[in-house]
Every structure is written in structure tokens, then in C-alpha cells.
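One-letter residues, chain by chain:
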Amino acid sequence: MPETLPVPKQVRDVLSDLLGREVTVNLTDPAGDAPVVAVYQRNDQQLAGVIGFTLPLAANTAAAMGLVPPGGAEACVEDNELSPLLSDILGEVSNILTSLFNHAGGPHVKFHALHTDAGSVPADARSHLASLGSRLDLTVDIAGYKGGTLSIVVPTN
């Protein structure tokens, strides 16, 4: 049974509640590049979903969650990589985002891995992020921080 995509309001509500800040989301075109990727699996180890973050969104979401000043996120963007601290925090955020995939009566979905290096993203996850099928692409803005693009993709098989 394929998972269903969340609606933008669900994404906004989860992020706003998690970060304790005003978050706005808007539909957008696919970002084309998501160097930070969270992978989700069902209990049978099958791919259940993928969330791709642009680096600015990944860094700023983690910084907002960890109460790191915005300059810490900006430094990561300038360095073109997440710091170990922000990577760990984004892993926790990604775990909480599992709620976007779990629905009553549906298969149990769990967070599997966060890939902060584009070269480490598994081929199946990368191909789903490149597909135009069952996906939700959003610009996300976080009050007090910068934003970016978030892409949520579920397999259609």
C-alpha cells in the first residue's frame, strides 16, 4: 500500500510546533537539487518516502530547532556542508517528520537515515527525488531564520 502525501498545512503545523516559530509554506516547483536527504522505510524495509532539503533549509531548520543563532546556519551554507551539530539536530527533526508518513490504517513508517552528503544518498532515494510522480514541493520560511525548499516524495509502486 503506497503512502500518501501530506498536505502543506500538515507540514507547516509539524514544523511550526516543532520549532516553536512561525513557519510559512508555499507550493513551488521541484528544487532540482536536494543535497540533504532523509530516507523513510516501512517495517518490511521497503522505501516509504524521501524528504529532500536544500542546504539553506536544512541548516536553518536545524539551527532553529537547536536554538543556534542564524549565523551558525549561514556559516554552514557558506561552507557548503552541515556542521556535525546541525546534522545531529536535523536527524532528530527528520525522525519527528516521520509523522507526515504515518496514517491510521496504513503501514508503519520509520525514519531510516539522514544523508548530508549528496554522494551518499542511495540510488533509489535519489531517483525518487528526481521523479515527477507523487511529490510535494514547498518553499519553507522560518521566522527569524532563512528558508529554502523541501521536497517530500513517496513511491508510487
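Structure: see above.
Being a predicted model, the structure only gives us computed values, none of them experimental.

### What about the nonpolar core?
Phase 1: Core analysis: the biggest nonpolar cluster contains 39 residues, and Ile-51, Phe-53, Leu-86 and Val-140 have the highest contact counts within it.
Phase 2: Sort the elements by how many residues they give to this core and helix H2 (residues 55–65) lands first, with seven residues.
Phase 3: Residues within four places of Val-140 in sequence aside, it is in contact with Leu-15, Val-23, Thr-24, Val-25, Leu-57, Gly-147, Gly-148 and Leu-150.
Phase 4: If you look at the next biggest cluster of nonpolar residues, it comprises nine residues, including Val-39, Leu-47, Val-50 and Val-153.

### A word on the sheet that holds strand E3 (residues 47–53)
Sheet strands associate in pairs through backbone hydrogen bonding, adopting either a parallel or an antiparallel arrangement.
Phase 1: Spatially, six strands are ordered E1-E5-E6-E3-E2-E4 in an open sheet, and the strand pairing comes out antiparallel. In this open sheet, the two strands that pair with only one neighbour each are strand E1 (23–27) and strand E4 (109–115). Across this sheet, the average inter-strand angle for adjacent strands is 25 degrees, counted without regard to direction.
Phase 2: Examined bridge by bridge, E3 and strand E6 (residues 148–153) share four bridges and lie antiparallel to one another. Its bridge partner lying in E6, Gly-52 is registered against Ser-151.
Phase 3: On the sheet, helix H1 (residues 8–19) packs against E1, strand E5 (135–142) and E6 and is oriented at approximately 160 degrees with respect to E1.
Phase 4: Helix H4 (residues 84–96) rests against strand E2 (36–42), E3 and E4 of the sheet, and its axis sits at about 160 degrees to E4.

### Looking at the pattern of salt bridges
Phase 1: Overall, the coordinates contain four salt bridges when judged by the stated rule.
Phase 2: For Asp-13, the salt bridge goes to Arg-12, with nearest N and O atoms at 2.7 Å.
Phase 3: Looking at Asp-13, the relative accessible area reads 23%, which means it is partly exposed.
Phase 4: A salt bridge links Arg-135 to Asp-137, with the nearest nitrogen and oxygen atoms 2.7 Å apart. Take Arg-135 and Asp-137: they sit in the same class, and that class is buried.
Phase 5: Members of the salt-bridge network, linked through shared partners, are Lys-9, Arg-12 and Asp-13.

### Section: the pairing of E6
Two faces belong to every sheet, and in a regular strand the side chains alternate between them.
Phase 1: Within E6, six of the six residues are buried, which leaves it mostly tucked inside the rest of the structure.
Phase 2: Pairing geometry for E5 and E6, over six bridges, is antiparallel. For Arg-135, the partnering residue across the bridge sits in E6 and is Val-153.
Phase 3: As consecutive antiparallel partners, E5 and E6 are separated by five residues, and within that stretch Gly-144 has a phi angle of approximately 85 degrees, a positive value.

### Notes on the packing of H2 against H4
Phase 1: One way to put it is that H2 packs onto H4 with a least axis distance of 8 Å and a crossing angle of 85 degrees. The orientation of H2 relative to H4 falls into the category roughly perpendicular. Mapping the contact onto sequence places Ala-58, Ala-59, Thr-61, Ala-62, Ala-63 and Met-65 in H2 and Leu-86, Ile-89, Leu-90 and Val-93 in H4.

Cut-off values and rules
Just so you know, the residues in each chain are numbered from 1, in the order the chain's sequence is written. Totals for whole chains, interfaces and linings use all residues, but because this is a predicted model, local features are given only for residues with pLDDT of at least 70 and pairs of side-chain atoms are given and counted only at 80 or more. Excluding hydrogens and water, the side-chain figures rest on all heavy atoms present in the structure. We call a set of buried residues a nonpolar core when its members are Ala, Val, Leu, Ile, Met, Phe, Trp, Tyr or Cys and they connect through side-chain atoms within 4.5 Å of each other. The classification of residues rests on relative accessible area computed with a 1.4 Å probe and restricted to protein chains. Under 20% of the type maximum is buried, over 50% is exposed, and intermediate values are partly exposed. Strands here are runs of E lasting at least two residues and helices are runs of H or I lasting at least four, both read from the DSSP assignment and numbered beginning at the N terminus. Every residue pair with non-hydrogen atoms within 4.5 Å of one another is taken to be in contact. One bridge is not enough; two strands pair if DSSP finds at least two bridges between them. Between N-to-C directions, angles span 0 to 180 degrees; the directions come from axes that are lines fitted to C-alpha atoms, helices contributing only their stretch in contact. Whenever Lys or Arg places a side-chain nitrogen within 4 Å of a carboxyl oxygen from Asp or Glu, that contact is recorded as a salt bridge. Oblique is the label for any angle not covered by the other classes, which are roughly parallel (under 35 degrees), roughly antiparallel (over 145) and roughly perpendicular (65 to 115).

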